[in-house]
Structure formats: structure tokens, C-alpha cells
Amino acid sequence: GICQLPSGTILLFDGATLVAITEDSGNTWTVTDGSIARLAGLPFAGVSAKSSVAYHGGYLTLVIQTHAASSAYQYTSTDNGGNWAPDPYGAMDALGAQCFGLPDGGVGMVYVEPTDRTLLYATKPSPFAAFDLDNAVVIYDGDTNKASCDTKDDISHLAACVGQDG
């Protein structure tokens, strides 16, 4: 995952590890040895994982999905990634989760529900809230199509624009 802070600093994550930081628009990078997993006691140290991170209202939300599981976990930082609050909500049934900050300070997340492969959009209203998966908006389920799908050469491309109102 990658995230730009309001200061211009860019954080680059590989799964649960903050691997590099740049403060000059990517001209130079500082490689870190600080694993988020180690800092927060997360169970992902040394585990192959995918992550998405979003800056919102002074906080960072990190969503991590291990490659061996169909579940994702969320963590929150109040100090730009120095420390992470453990996930009190447990695993989310969310594949390929991508999160992003919303103008109101909440976080949006687009993900695939693993059982029926529905593409969904969910939000969490504040930094330490859970994502509201029970009221997720269907973007694409085979019948309902609020997205553009294109398949070419066995590669599928999906584009969706989800406004603040869902």
C-alpha cells in the first residue's frame, strides 16, 4: 500500500511492513527496518500479505489481508504510522480491500465478499470505528452494475466511482 500525508510525505508499505518513506516527492527514499507488525504486535511479521492504507483526518487506517486467507484486518495509527492500535473487531470477510480517506474524515473501502464474489463498498465513520459491512453498497454482483467492466486477453479491468452518498 502507499499513502501520502498532508505534509507531502509518502509512506510505502509491503503488507504489514513500512518499507520506505520519501519527503521530497519520491526523489529520494529512506528505507526503513521498522515493521508495523513488530511495532503493534500484529500477527503478520514475516507473513506474505497485501495492504491498503488511507490517511483521514489526522489518522491512518491500514487494512491487511494475508495471501493465505480470505479475511482482512484493520489497524489505526494516530502518529503517522509510528504505532498502531490493534484491531478490536476481528477478521472482515473482504478480499482485495482498497481503502481511502473520505472528505468527512471517515474511510471508504471497496472489497470483494469472498463467498459470492460481490464487489462492495463500505465505510467507517471515524478512526476507531469498524467498517459497516452489514450496510455495504453493492457495486457489482452480476445483476446490479454500478461499475464498468472490461475483459480483454483474459485480464479483467473494473472501474467504479463511488460518491460520498454511496
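About the cut-offs
- Residues numbered from 1 in each chain as written.
- Predicted model: local features only at pLDDT ≥ 70, side-chain atom pairs only at ≥ 80, totals over all residues.
- Heavy atoms only, no water.
- Core = buried A, V, L, I, M, F, W, Y, C linked by side-chain atoms within 4.5 Å.
- Buried < 20%, exposed > 50% of the residue type's maximum accessible area, 1.4 Å probe, protein only.
- Helix = DSSP H or I, 4+ residues; strand = E, 2+ residues; numbered from the N terminus.
- Contact = heavy atoms within 4.5 Å.
- Phe/Tyr/Trp six-rings, centres within 6.5 Å; stacked < 30°, edge-to-face > 60°.
- Pairing = 2+ DSSP bridges.

K.L.:
So what about the nonpolar core? Which residues, and what values?
P.N.:
Residues Val63, Met92, Cys99, Met109, Tyr111 and Phe131 are the most contacted members of the largest nonpolar core, which totals 14 residues. Those elements that place two or more of their residues in this core are β9 (95-101), β10 (107-112) and β11 (119-124). Top element by residues in this core is β10. It accounts for three residues. Non-local contacts of methionine 109, meaning those with residues more than four positions away in its chain, are made with Val63, Met92, Ala97, Gln98, Cys99, Phe100, Leu120, Tyr121, Ala122, Phe131 and Leu133. Leu11, Phe13, Val53 and Leu60 belong to the second-largest nonpolar core, a separate cluster that totals eleven residues.

K.L.:
Give a description of the packing of aromatic side chains that names residues and reports values.
P.N.:
For any pair of aromatic rings, geometry is given as the distance between the ring centres together with the angle between the planes. A complete count under the given rule lists two aromatic pairs for this structure. Ring centres 5.9 Å apart and planes at 85° place the aromatic pair tyrosine 59 and phenylalanine 128 in the edge-to-face group. You can see tyrosine 59 sitting in strand β6 (residues 59-66) and its partner phenylalanine 128 sitting in the loop between β11 and β12 (137-140), a full 69 residues away along the chain. On the basis of relative accessible area, tyrosine 59 is assigned to the partly exposed category, the value being 27%. Judged by centre distance (6.1 Å) and plane angle (15°), the rings of phenylalanine 100 and tyrosine 121 are stacked.

K.L.:
Tell me what's going on with the pairing of β10, and back it up with residues and numbers.
P.N.:
The element β10 is largely enclosed, with a buried count of five among its six residues. Bridging between β9 and β10 involves five bridges; their strand directions are antiparallel. Paired with glycine 101 across the two strands is valine 107, which belongs to β10. Taken together, β9 and the strand that follows it, β10, pair antiparallel across an intervening segment of five residues, in which glycine 105 is found at a positive phi of about 95°. With six bridges joining them, β10 and β11 adopt antiparallel strand pairing. Looking at the pairing, valine 107 lines up with lysine 124 of β11. Here β10 folds back onto β11, and the loop between the two strands holds six residues, one of which, arginine 117, carries a positive phi near 60°.

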